[in-house]
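Spelled out from the first residue to the last, the chains are:
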Amino acid sequence: MKSNFSLLLFVFAFLTPTLGLAQLEYDSKANNIQLYGPYVKYNILKEPYSVGRFQFSLDDIGMDLVYEKPNITDVSLSPETESGNEKELKIYVIWPKFLLQFGEIKIFNKAGRQLINESFRLKDIGDYDAKYARFHLEDEDEGLLETLKEPFQICVRQEFESSLVKACSNWIQFDGKKFNNSFKGKNLAAVKLNGKKTPKNSQISLSQNMKNVQLHLYFKSGFTIYVKDKVHLLDTDNVVIDTKEKRIGIVTGDGSVQPTQLTIKDRFFSFIKENNYFKNKYTGSAEWPENLEDAEMEFAPFQSGASIQLYGMILPKVPPPTQFKLNDDIPIATYSDHIELKGTKASEEVLAARVKNELFIHENGTEFLWNFPTPKAGEINQNYISLQHKGRDYYFSKRIFRAHQTTVSGALAISTSPTLDLVPGYNFSAEHWFEEIWGKSSWSQQRWGLSANLYETAQAFSPKEGFPEKISINPTNFDVLYRLSKGVRPVQSSFGLGLRYLNFNLFRTINDNIQTRFLGVGGFWHTAPQKIVDDIFNIVPFFRYPKWMEISLFYYPLLLGPEQLGFSFSWQAKGKLFFAKQWYLEASFNVNSISFKKEKVTGVTIGADSFGITTAHGTIGIGYLFN
């Protein structure tokens, strides 16, 4: 099924500004903003050459045999080098820094034999030059220089998810003193877009049917650039404009995993971060990609080296300077069908709501209350207020995600015990979270939840070796949950505490059944999966949807009944895959360990001081989200 989580962008925000910081955006649709694109624009006819948002000169890529401070325009050997002190020689690869800042470098000879294959990261290319990247090759082969007397080619390549950028030099040859591009000027400049030859200086629109764009630039010098990227189709709903900070951002997506545009910092340090689709898609891109420069402008919202797509935008009316804003403590998500947003404004600013009685202005003229409607559960809800200035209306909007409050699920289960008996079972669960309890205090709002779970084995099994009978179990628990930080799931992660009532039924084939009731205390962690875990699941295309994880541990210190309690606990790890607006797949792994003092349980004859039932069961099922 197609997910309806529209207006959500798969991104990661790691100590960088996000769209969530823009309290109010200049509404693209209500203000009739015109958006064009995507298109690619390039020029390889004459300098300055250009592709996408980048401009560059003919000194595209080079290979130097130099000391610590090479001059990229002088590839000849220094006098000291010519004297034969080859131990001082260092080989560097130099390429335009804008193209790629992490990846791999390969050197091939004309026979196709690979001479060099080294990976590099941002820290490896240093701060050599604002325009060029420089990487020191680790020359472990003393005969490398001799090998390079045969024609060779350098390629620098970066591949990340569905995007690829690669730059290759012409054929180069070492003559014993310097590196020569003896083939320079013998090539023909050409451009191919998706395999078809196109003009050398052009702007080409990408059609709605294109899934990927592949651009291949061939220069007379023999230097080539190859770029492959997913086509990003945008409309005005995807454009976020912050007129106060003069910035443009983008939100997009359909709920499934999209290729990500990450900063270098994200690429190497985000593996232990959560991949929180709902929160990240709400907050937008990891950085504001463009500054708002003019009422009519061209912008490139995706910042990775492989993104060459451009977009055009026209603002029919440019808003005046504004002072009104929302308070900083407004939530980004809610369970309710409406939410009150407080803000301040200048006394002379005239604001109006989209619907009468949604906006209330305080009698002091500088405070307002916006009764923001969120009628659509499971979606971003967008609404706007207008600023009336010199006879014109300028519309400013806010996006708030409304989560479903209640979930129910049913699942099939397989249970096992220390004897490794495998028996089928079934599991039902329900969960409900409150927007607020007893007012809007900080300890009440978006913190409390209730859950219930019923599990039963469908046939008897042996709980341990030497046990004289078979049993089946039916644990049912009711939980009161409290988040340590306010928020809604599955948007905001949280640790929390829980109080549990457990009714544990033990059905025995020989002796009397045991029905015990426990009170337990525990904790939970609700979060999106860590990126390194999410990436593993996303190898399978079916799993490329928003996910949520719930881990809980409960200890039972109190038993309500005649039996005497031993050490007892429950542990659960649950994962949810939101493949549709109100449906999700659910899988869990559960461990229950219930222990009694032996002398208080009739019919237990094995030599032990306690009678324990430890089971592990896994479930897989389907769940449904209610408003």
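Just so it is clear, the structure is predicted and the values come from calculations on it, not from any experiment.

Considering the overall build of the protein
Point 1. When helices and strands are counted, the protein shows 6 helices and 41 strands.
Point 2. Looking at the protein residue by residue over its 627 residues, the buried ones come to 53%.
Point 3. Long-range contacts, defined as pairs at least 24 residues apart, comprise 67% of the intrachain contacts of the protein with a sequence gap of at least 6.
Point 4. Surface accessibility of the protein: about 29100 Å² in total, with carbon and sulfur atoms responsible for 53%.

A few points about the nonpolar core
Point 1. With 47 residues, the main nonpolar core has W95, I105, L148 and L217 as its most contacted residues.
Point 2. Within the second largest apolar cluster, 31 residues are counted, among which are A403, L502, F518 and I594.

A word on the sheet that holds strand β10 (residues 152-160)
Point 1. The antiparallel open sheet is built from 8 strands, whose spatial order is β8-β7-β10-β11-β18-β17-β14-β15. Here the strands that pair on one side only, and so sit at the sheet edges, are β8 (114-120) and β15 (196-198). Going from strand to strand, the sheet's axes swing by 15° on average, the running direction of each strand aside.
Point 2. As paired elements, strand β14 (residues 190-193) and β15 share 3 bridges and run antiparallel to each other. Looking across to β15, one finds that K192 is bridged to K197.

Focus: the state of the cysteines
Point 1. The full count for this structure, using the stated rule, is 1 disulfide.
Point 2. C155 shares a disulfide with C168; S-S distance 2.0 Å. Taking the sign of the torsion about the S-S bond as the criterion, the disulfide between C155 and C168, at about 110°, is right-handed. Taken as a pair, C155 in strand β10 and C168 in strand β11 (residues 163-168) lie far apart in primary sequence, 13 residues in all.
Point 3. Looking at C155, the relative accessible area reads 10%, which means it is buried.
Point 4. Using a relative accessible area of 6% as the deciding quantity, one classes C168 as buried.

Some details on the sheet that holds strand β29 (residues 367-373)
Point 1. The 4 strands lie next to each other as β24-β26-β29-β28, forming an open sheet whose pairing is antiparallel. Either end of the sheet is taken by a strand with one partner, and the two such strands are β24 (325-326) and β28 (359-361).

Overview of a nonpolar patch on the surface
Point 1. A contiguous nonpolar patch, built from L450, V480, L499, V521, Y555 and F567 and spanning about 550 Å² of accessible area, is present on the exposed surface.
Point 2. You can see V521 is positioned in strand β37 (residues 514-527).
Point 3. Among the residues examined, V521 registers a relative accessible area of 43% and is labelled partly exposed.

Side note on the side chain of S588
Point 1. Note that S588 resides in strand β40 (residues 583-597).
Point 2. A distance of 3.0 Å separates the side chain of S588 from the side chain of N590, its partner in a polar contact.
Point 3. A polar contact of 2.5 Å, which involves the side chain of S588, links it to the side chain of T619.
Point 4. Once residues within four sequence positions are removed from consideration, S588 is found in contact with A573, K574, H617, G618 and T619.

Observations regarding the pattern of salt bridges
Point 1. Within the structure shown, the criterion is met by 14 salt bridges.
Point 2. Linking K581 and E379 is a salt bridge whose minimum nitrogen-to-oxygen distance equals 2.7 Å. Of this pair, K581 sits in the loop between β39 (569-577) and β40 while E379 sits in strand β30 (residues 379-389), placing them 202 residues apart in sequence.
Point 3. Taking the relative accessible area as the measure of exposure, E379 reaches 14% and is therefore buried.
Point 4. In this structure, K547 engages D534 in a salt bridge whose closest nitrogen and oxygen atoms are separated by 2.8 Å. Remark: D534 occurs in helix α6 (residues 531-537) and K547 occurs in strand β38 (residues 547-560); sequence separation between them is 13 residues. Assigned by exposure class, K547 and D534 land together as buried.

Describing a positive patch on the surface
Point 1. Taken together, the side chains of K192, K197, K200 and K220 make up a positively charged region of the molecular surface.
Point 2. Tracing the sequence through the fold places K200 in the loop between β15 and β16 (201-205).
Point 3. Since its relative accessible area comes to 33%, K200 is described here as partly exposed.

Things to note about the packing of aromatic side chains
Point 1. Applying the stated criterion across every chain, the model contains 23 aromatic pairs.
Point 2. Ring centres 5.7 Å apart and planes at 35° place the aromatic pair F219 and F223 in the tilted group.
Point 3. Overall, the relative accessible area of 2% leaves F219 in the buried class.
Point 4. When its relative accessible area of 3% is taken as the criterion, F223 is described as buried.
Point 5. Here Y624 and F626 contribute two aromatic rings whose centre-to-centre distance is 4.9 Å and whose plane-to-plane angle is 80°, an arrangement assigned as edge-to-face.
Point 6. Aromatic ring contacts, followed pair by pair, group Y26, F324 and F396 into a single cluster.
Point 7. Above the plane of the ring of Y394 lies K317, whose end atom (NZ or CZ) is 5.5 Å from the centre.

Conventions we followed
Residues numbered from 1 in each chain as written. Predicted model: local features only at pLDDT ≥ 70, side-chain atom pairs only at ≥ 80, totals over all residues. Heavy atoms only, no water. Helix = DSSP H or I, 4+ residues; strand = E, 2+ residues; numbered from the N terminus. Buried < 20%, exposed > 50% of the residue type's maximum accessible area, 1.4 Å probe, protein only. Contact = heavy atoms within 4.5 Å. Areas by Shrake-Rupley, 256 points an atom, 1.4 Å probe, with all protein chains shown as cover. Core = buried A, V, L, I, M, F, W, Y, C linked by side-chain atoms within 4.5 Å. Pairing = 2+ DSSP bridges. Axes fitted to C-alpha atoms, helices over the stretch in contact; angles between N-to-C directions. Disulfide = S-S within 2.5 Å. Patch = residues over 30% accessible without salt bridge, like charges linked within 9 Å, V, L, I, M, F, W, Y side chains within 5 Å. Salt bridge = Lys/Arg side-chain N within 4 Å of Asp/Glu carboxyl O. Polar contact = N/O pair within 3.5 Å; in protein donor to acceptor, adjacent residues only side chain to side chain. Lys, Arg positive; Asp, Glu negative; His and termini not counted. Charge placed at Lys NZ, Arg CZ, Asp CG, Glu CD. Phe/Tyr/Trp six-rings, centres within 6.5 Å; stacked < 30°, edge-to-face > 60°. Lys NZ or Arg CZ within 6 Å of the ring centre and 35° of its normal.

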